[in-house]
Amino acid sequence: MKKRLHGFLTLLLVLVVQIGFAQDKTVSGTVVDEDGLPLPGVTVLEKGTGNGTQTNFDGVYTLEVGNGSVLSFSYVGFAPQDIKVGAADSYDVTMQTDADALAEVVVLGYSTKGVEEVTGSSVQIGGDEIAESPTVSVEQALQGKVAGVQISQSSGTPGAIQDIRIRGISSINADNDPLYVIDGVPVSNANISGSANQTSLNPLASINSQDIASITVLKDASATAAYGARGSNGVIVVTTKNGKKGETTFTFSSQVGFQNDAFNKRESLTGAQREELLRESLNNAYGANGTNGDFGFTFDNAIDTAIGFNLLSPATADFDGTDYDWDGRIKNDDAITQNYTLSASGGDELSNFYASFGYNNTEATVIGGEFERINGAFSYDRQLRDNIQLATSVNVSNTKQNPVLENGTFFSNPFLTRILMNPFNNPNNSDGSLNINLPFGSLPNIFYVQENNITRNALTRALVNTKLDWELFTDLTFSNRISLDYQLNEYFQYRNRYTGDADDFNGDSSVSDEKNYNWVYQGSLNYGFTLADDHNFDITGLFEYQKNQNNYLYAYGQNFPVDGLIQINTASANFDADSQYSDWINVSYLGLLNYNYAGKYVLDGTIRREGSSRFPSGERYGTFGSVGAAWNVHREDFMNTDLFNTLRLRASYGITGNNNIGINSYQTLLTYSANYANNGAGFPSQFGNNELTWEKGETYDLGFSFGMFDSRLTGSFSYYNRRTYDLLLNVPLSLTTGFSSQTRNIGEMKNSGIEAELGFDIISTKDFNWNVSANYATVENEVEELAIGADGQELDPNAGSVYTTTRSGLPVNTWFMRTWAGVDTETGLPTWFVNGVDGEVTSNYNAAQRVDQGASALPTFSGGLGMRFDYKGFFAEANAYFQGGHKIYEQYAQFYLRTNSFTLGTYNGVQELMDRWQQPGDVTDVPAVNYAQNNNFHATSSRHLYDGDYVRLKNVSFGYNLPSAWANEIGIDGLTLTLRGTNIYTWVKDDGLKLDPETRADGFTRLTTPPVESYTLGINVKF
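Procedures and definitions
- Residues numbered from 1 in each chain as written.
- Predicted model: local features only at pLDDT ≥ 70, side-chain atom pairs only at ≥ 80, totals over all residues.
- Heavy atoms only, no water.
- Helix = DSSP H or I, 4+ residues; strand = E, 2+ residues; numbered from the N terminus.
- Rg over C-alpha atoms; globule rule 2.2 N^0.38 Å.
- Buried < 20%, exposed > 50% of the residue type's maximum accessible area, 1.4 Å probe, protein only.
- Salt bridge = Lys/Arg side-chain N within 4 Å of Asp/Glu carboxyl O.
- Pairing = 2+ DSSP bridges.
- Axes fitted to C-alpha atoms, helices over the stretch in contact; angles between N-to-C directions.
- 1 Å grid on protein atoms, 1.4 Å probe; cavity = no way out; pocket = protein on both sides within 12 Å on 5 of 7 lines; lining within 4 Å.
- Points joined across faces, edges and corners; volume = space filled by probe spheres on them.
- Nonpolar A, V, L, I, M, F, W, Y, C, P; charged D, E, K, R; others polar.
- Core = buried A, V, L, I, M, F, W, Y, C linked by side-chain atoms within 4.5 Å.
- Contact = heavy atoms within 4.5 Å.
- Patch = residues over 30% accessible without salt bridge, like charges linked within 9 Å, V, L, I, M, F, W, Y side chains within 5 Å.
- Areas by Shrake-Rupley, 256 points an atom, 1.4 Å probe, with all protein chains shown as cover.
- Phe/Tyr/Trp six-rings, centres within 6.5 Å; stacked < 30°, edge-to-face > 60°.
- Lys NZ or Arg CZ within 6 Å of the ring centre and 35° of its normal.
- Expected span 1.5 Å × (residues − 1).
- Polar contact = N/O pair within 3.5 Å; in protein donor to acceptor, adjacent residues only side chain to side chain.
- pLDDT = per-residue confidence, 0-100.

K.L.:
Looking at this structure, I do not really get the overall build of the chain. What am I missing?
P.N.:
When helices and strands are counted, the chain shows eleven helices and 52 strands. On C-alpha atoms alone, the chain measures out to a radius of gyration of 32 Å, which is about the 31 Å that the 2.2 N^0.38 rule sets for 1023 residues. For the chain, the C-alpha atoms occupy an extent of roughly 120 × 75 × 65 Å along the three principal directions. Per-residue burial for the chain yields a buried fraction of 54% across its 1023 residues.

Listed below in structure tokens is the structure:
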């Protein structure tokens, strides 16, 4: 249960003592919950007076009262209790859970509050629900379970970063990622992979989901303002497990299964299909019936003339008619996933502990990718003295990831090979060895590359968090917390001498060490007190200092003399080295006030003064804050009804900020990387801005929540409106300045929307329960102001992009391109609308106008659906996630949807090309194939822009909880068996969208590992 910290305001404490009367004797006692655990922070009042106190860390209270008076005990989540003082001097109390009060507490990072004390918008997911999800990164378990939170996998490769947006995007150029807080302390969660071209590496993947007690998502300003600038994009609060009083118990959990791509319907041409299209394209280009007329050649001679040799002759040894299935061989079908955890927990009257050890091994669904993690966690709480309590936790892990070269158009990207490898190439020589001299195209043999290249990320992370609470005197507690987070990633890459990306220089090797050290100190005073029975105050003052240091060291070398040598010291040419250091500091002063009257009316306020080293000295500090109010209507006397057991109204307003830009963006910089006559030389590299300061966000939030029919029907509704102004915007500059852009505080945009959640226990009996739940959220984004250029026109931050635009009146990154008009049924040529909307069409790509396509990459709605059955130990559960209202662009269509020699002579295309135009009257979306013609079919246009609406069945599980009586007979405390499938079905609205619809926040599909469909068997044993 909740441990309420106690506050400061000494003078008010004296006032409380002085207004008591008829104090004839001193009484004392201990207050515990139904499990016998002490309850700190319970309010003890002499009824009818202002005389009162609160229990200390051990649940002990002492109070001077009058003879015959009545003691009133109250605590959030428990039924109030009254005891009349008689002749005895000691009165112990056991508090009972109040069915009319929500016993759940919400962990807000800096504080913990009862649900009825919260005025902001927040959602908390329990640790059991998180542990059930067989995901490498714990935040993936939130998808579809929190209204207004959109989570997309940037890659399905194990350990990759997730794209998370809470209530849309709030900034154009500054970062839009939420702040992560672990056990009350802000941490760094940036990609720490050794290469931006390889799979990203998520620091959160270093934490075992089995060690998580809860995750809370804070969404509005009242909930996030305590974090000042860094709370602008929302906050994800992760709380790890600690021990409980009682005999030591052990838990072993195992999750073993396999996984494949969840959705990928993009298939390459087979050898036979490609041969058919090649013949047709050559005929259209050079044959008697071709568009270039009859050149007098036989068909085979035309081929010889066009491409230099007779590709299709049966005598050609390079192609024997076999269809070599590169796509199928690159897949790692039924990739194994394993996760094991052993934990222990226990405690006595003075201390408790939690310890765990975990191992995870997860393969990627493409050859070469693998993830392995070993982690250990330990937490220990100790009552050092009656008024001093120590809590410390340590989480250490070592993560190894074999990343995939998937973040770009690289020849050694296995996904590029899957789609573009010429199927006429035989991957093996006649003796079975791997063929590195492929005759067609320029892609290397990916199987040889994977066997002979080495790529590895090795992340070691140590997260230590220690807190000391010192109760200076009754109701006043001084807390000190220090957190150390050390991340060391060792990156190594060796590329072989014979084929791939390094064969031109006889192999190369690179290595880097990145060390990120984040430390935080928090010191706070907390004072909690009650006046005149019903006026409850909780006040906190906090100082926080955070410093982040990053060291980067890199080395490189080429030209290895023999095979087997992979270290840089054995290279012989083109050595290179680099080292970098960066740091930043945040200093904050925070004040928190929470007041409630008789549990009915709640008012809280937050003010934070924060300074950031990312801004110039005169602009470093910003002031942020919020106010919130809530009315627990169900506690009113006039709510004497069985209809509502809870009904809450709430409202909040606040201002947050954003400082997440480049560390030195405000400075005028010189860069000394130039070479002048073999001497180092500097040149101006950044314009700078001495007036650069905080980007700010102003948020209004209104909402209500309810519970009806003894909480069988529960729900909530919120409306929010967030205005972001003084945007940290990269404003284009005239090239006469010598710089392309300057970061300024200019511009404004807004996000608004609704969020709704609903849960209903359709059947609720002793043996059978049937529950359904749903959540739904919308977000409407609009740019309202941008920088104005010298010509009086708005400056588009996306200037130069052929895909998107950002301008007033439209969402950020609105798709802006030519509009596809289809294939001319008479000529087989592609066409686009001249005005970009309708009417006249043209086959001249450059003659068509670019226009707003009516959508951006940001989903305008999202949500989740859930259902669960429980019957005598058996259970079944299903959850789905959906989003839509946006569009997705298939960026790699520029390669595999060409209709000329690029796909049909050198590389390969996709099976959609089989639907090409062949004769007048054909109605199709694919132009005629022509070996020698570039018809711009593949160029950027709405032809490759698809509706992004989709529904994904995220989770289906079946399981059994062994009855405790049966478990005890075999010497254990509990046993749960679970069979679970994730991402087992995906419905996509647009049939043209062949790649997975779960894209990154920018809305582009990529040739990367898609999200995975997995099936796991879980076993959880308690003993």
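K.L.:
In this structure, what is going on with the pattern of salt bridges? I would like to understand it.
P.N.:
Where charged atoms of side chains with opposite charge meet at close range, the side chains can pair. Summed over all chains, the structure comprises 37 salt bridges. Where Glu349 meets Lys245, a salt bridge forms, and the shortest distance between an N and an O atom there is 2.7 Å. With Glu349 in the loop between strand S18 (335-347) and strand S19 (351-363) and Lys245 in the loop between strand S16 (235-240) and strand S17 (246-261), this residue pair connects regions lying 104 residues apart in the sequence. Given the relative accessible area of 33%, Lys245 is considered partly exposed. Here Arg266 and Glu890 are joined by a salt bridge, their closest N and O atoms 3.0 Å apart. Of this pair, Arg266 sits in the loop between S17 and helix H4 (271-286) while Glu890 is found in strand S47 (residues 887-890), placing the two residues 624 residues apart along the sequence. The same class applies to Arg266 as to Glu890, namely buried.

K.L.:
Explain the sheet that holds strand S5 (residues 70-74) to me, please; I cannot follow it from the model alone.
P.N.:
Taking strand neighbours across the sheet as the criterion, the four strands line up as S3-S2-S5-S6 in an open arrangement whose pairing is antiparallel. Of all the strands in the sheet, the pair left with one neighbour each is strand S3 (52-54) and strand S6 (81-84). Averaged over all pairs of adjacent strands, the angle between their axes in this sheet comes to 20 degrees, without regard to strand direction. Where strand S2 (residues 43-46) meets S5, four bridges bridge the pair, whose relative direction is antiparallel. In the strand pairing of S5, Val44 is matched with Phe73.

K.L.:
Got a minute to help me understand the pairing of strand S29 (residues 644-658) in this structure?
P.N.:
One face of the sheet, then the other: side chains in a regular strand alternate in exactly this way. Pairing of strand S28 (residues 621-632) with S29, which is carried by eight bridges, proceeds in the antiparallel orientation. Looking at S29, one finds that Ser626 is bridged to Gly654. Judged from the 14 bridges that link them, S29 and strand S32 (residues 695-708) form a sheet pairing that is antiparallel. In the sheet register, Arg650 faces S32, and the bridge partner there is Gly703.

K.L.:
Would you take a moment to explain empty space enclosed by the protein for this structure?
P.N.:
Summary: where empty space remains is shown by rolling a probe the size of a single water molecule over the atoms. Summed over the entire model, instances satisfying the criterion amount to five cavities of 30 Å³ or more. Each pocket or cavity is described by its volume, and for the largest cavity that value is around 290 Å³. Leu995, Arg1006, Leu1007, Thr1008 and Pro1010 are the residues nearest the centre of the largest cavity, which is lined by 23 residues in total. Elements with a contribution of two residues or more to the lining of the largest cavity: helix H7 (414-420) and strand S51 (1004-1005). For the lining of the largest cavity, a count of residues per class yields eight nonpolar, eight polar and seven charged. In this structure, the second largest cavity spans a volume of roughly 120 Å³. Along the wall of the second largest cavity there are 15 residues; nearest its centre are Asp183, Thr240, Ser393, Val394 and Asn395.

K.L.:
Is there a simple way to think about the nonpolar core in this case?
P.N.:
Taken as a class, soluble globular proteins show a tendency for nonpolar side chains to be buried jointly. Ranked by internal contacts, the top residues of the largest apolar core, which has 48 residues, are Trp326, Leu420, Phe447, Tyr896, Leu897 and Leu1007. Secondary-structure elements contributing two or more residues to this core are H4, helix H6 (326-330), H7, helix H8 (446-452), strand S41 (820-823), helix H9 (893-896) and helix H10 (901-906). Apart from the residues lying within four places of it in its own chain, the contact partners of Phe447 are Trp326, Arg329, Ile330, Ile367, Pro427 and Leu434. If you look at the next biggest cluster of nonpolar residues, it comprises 22 residues, including Ile125, Val149, Ile166 and Val187.

K.L.:
I would appreciate a short explanation of unusual backbone geometry in the present structure.
P.N.:
A negative phi angle characterises most non-glycine residues, just as the trans form characterises most peptide bonds. With a phi angle near 60 degrees, Arg167 is a residue other than glycine that sits in the positive phi range. One non-glycine residue, Ala532, lies in the positive phi region at around 50 degrees. By the secondary structure assignment, Ala532 is in the loop between strand S24 (508-531) and strand S25 (535-558).

K.L.:
I tried to follow the sheet that holds strand S48 (residues 945-947) on my own but got confused; where do I start?
P.N.:
Paired through their backbone hydrogen bonds, the strands of a sheet run either parallel or antiparallel. An order of S48-S47-S51 is seen for the three strands of this open sheet, with the pairing classed as mixed. Both outer strands of the open sheet, S48 and S51, are each paired with one neighbouring strand and no more. Examined bridge by bridge, S47 and S51 share two bridges and lie parallel to one another. What sits directly across from Tyr889, in S51, is Phe1004.

K.L.:
Would you explain a nonpolar patch on the surface in this entry?
P.N.:
A cluster of nonpolar residues, Tyr601, Trp631, Phe638, Leu649, Leu702, Phe704, Phe717 and Tyr719, forms a patch on the protein surface that exposes about 730 Å² of accessible area. Sorting the residues of the nonpolar patch by element identifies S32 and strand S33 (713-725) as the ones contributing at least two each. Tracing the backbone shows Tyr719 in strand S33. According to the relative accessible area criterion, Tyr719 is partly exposed, its value standing at 34%.

K.L.:
I keep staring at the side chain of His938 and nothing clicks. Help me out?
P.N.:
With respect to the helices, strands and loops of the structure, His938 is situated in the loop between H10 and S48. A residue is classified by how much of its surface remains accessible, and His938, at 12% relative accessible area, is buried. Non-local contacts of His938, meaning those with residues more than four positions away in its chain, are made with Ala893, Gln894, Leu897, Arg898 and His944.

K.L.:
It is not clear to me how the packing of aromatic side chains should be interpreted in this structure. Could you clarify?
P.N.:
For any pair of aromatic rings, geometry is given as the distance between the ring centres together with the angle between the planes. For the coordinates displayed, the defined rule picks out 42 aromatic pairs. Measuring from ring centre to ring centre gives 6.1 Å for Trp815 and Tyr889, while their planes differ by 35 degrees; the resulting arrangement is tilted. One end of the pair, Trp815, is in strand S40 (residues 814-818); the other, Tyr889, is in strand S47, with 74 residues separating them in the sequence. Per residue, the accessibility class of Trp815 equals that of Tyr889, and both read buried. Connected via pairs of aromatic rings, a cluster forms that spans Tyr527, Phe529, Phe537 and Tyr595. The ring of Phe816 has Arg807 sitting right over it, with the charged end atom 4.6 Å from the ring centre. Above the ring of Phe902, the side-chain terminus of Arg898 is found at 4.3 Å from the ring centroid.

K.L.:
Please explain H4 as it appears in this structure.
P.N.:
Residues spaced three or four apart along an α-helix point in a common direction, a consequence of the helix completing one turn every 3.6 residues. Compared with an ideal rise of 1.5 Å per residue, which puts 16 residues at 22 Å, H4 spans 22 Å between its outermost C-alpha atoms and is within 8% of the ideal. Inspection of H4 places Gly271, Gln273, Arg274, Leu277, Leu278, Glu280, Ser281, Leu282, Asn284 and Ala285 among the buried residues, and these make up the whole buried set.

K.L.:
It is not clear to me how the side chain of Ser268 should be interpreted in this structure. Could you clarify?
P.N.:
The topology assignment puts Ser268 in the loop between S17 and H4. Within polar-contact distance, the side chain of Ser268 engages the backbone oxygen of Ile419 at 3.3 Å. Among residues more than four places away in sequence, those in contact with Ser268 are Gln273, Arg418, Ile419, Asn908, Gly909, Val910 and Gln911.

K.L.:
Whenever I open this one, the confidence of the model for the chain confuses me. Can you help?
P.N.:
A residue-level look at the chain finds 93% of positions with pLDDT of 70 or above and a mean pLDDT of 88. This model gives residues 289-299 a pLDDT under 50, and the stretch forms 20 contacts once residues within four places in sequence are excluded. Confidence over residues 312-318 falls short of pLDDT 50; this stretch has nine contacts with residues more than four positions distant or in other chains.

K.L.:
Looking at this model, I keep getting lost on the pairing of strand S23 (residues 476-495). Mind explaining?
P.N.:
In terms of burial, S23 is largely enclosed, as 14 of its 20 residues are buried. Direction of pairing for strand S22 (residues 454-473) relative to S23: antiparallel, over a ladder of 19 bridges. Bridge pairing in S23 places Arg461 opposite Gln487. As paired elements, S23 and S24 share 20 bridges and run antiparallel to each other. Note on S24: the bridge partner recorded for Ile482 is Tyr521.

K.L.:
Just checking my understanding: could you explain the environment of Leu63 for this structure?
P.N.:
Summarising the element assignment, Leu63 is placed in strand S4 (residues 60-65). By relative accessible area, which is 5% here, Leu63 ends up buried. Remark: the alpha-carbon pair of Leu63 and Val27, spanning 36 residues in sequence, is separated by 5.5 Å. If we ignore the near neighbours within four places in the chain, the residues touching Leu63 are Lys25, Thr26, Val27, Val44, Glu46, Asn51, Gly52, Thr53 and Leu71.

K.L.:
How do you make sense of the environment of Ser512 when you look at a structure like this?
P.N.:
Of note, Ser512 is situated in strand S24. Judged by relative accessible area, Ser512 falls into the buried class, the value being 3%. Considered as a pair, Ser512 and Val181 are 331 residues apart in the sequence and their alpha carbons are 28 Å apart. Once residues within four sequence positions are removed from consideration, Ser512 is found in contact with Gly194, Asn489, Glu490, Tyr491, Tyr552, Leu553 and Tyr554.

K.L.:
Please clarify how the environment of Gly228 should be interpreted in this entry.
P.N.:
Relative to the helices and strands, Gly228 resides in the loop between helix H3 (221-224) and S16. Residue class for Gly228 comes out buried when judged on its relative accessible area of 0%. Sequence spacing of Gly228 and Phe78 is 150 residues, and the spatial spacing of their C-alpha atoms is 33 Å. In this structure Gly228 touches Arg608, Glu610, Phe624, Thr656 and Gly657, once residues within four positions along its chain are discounted.

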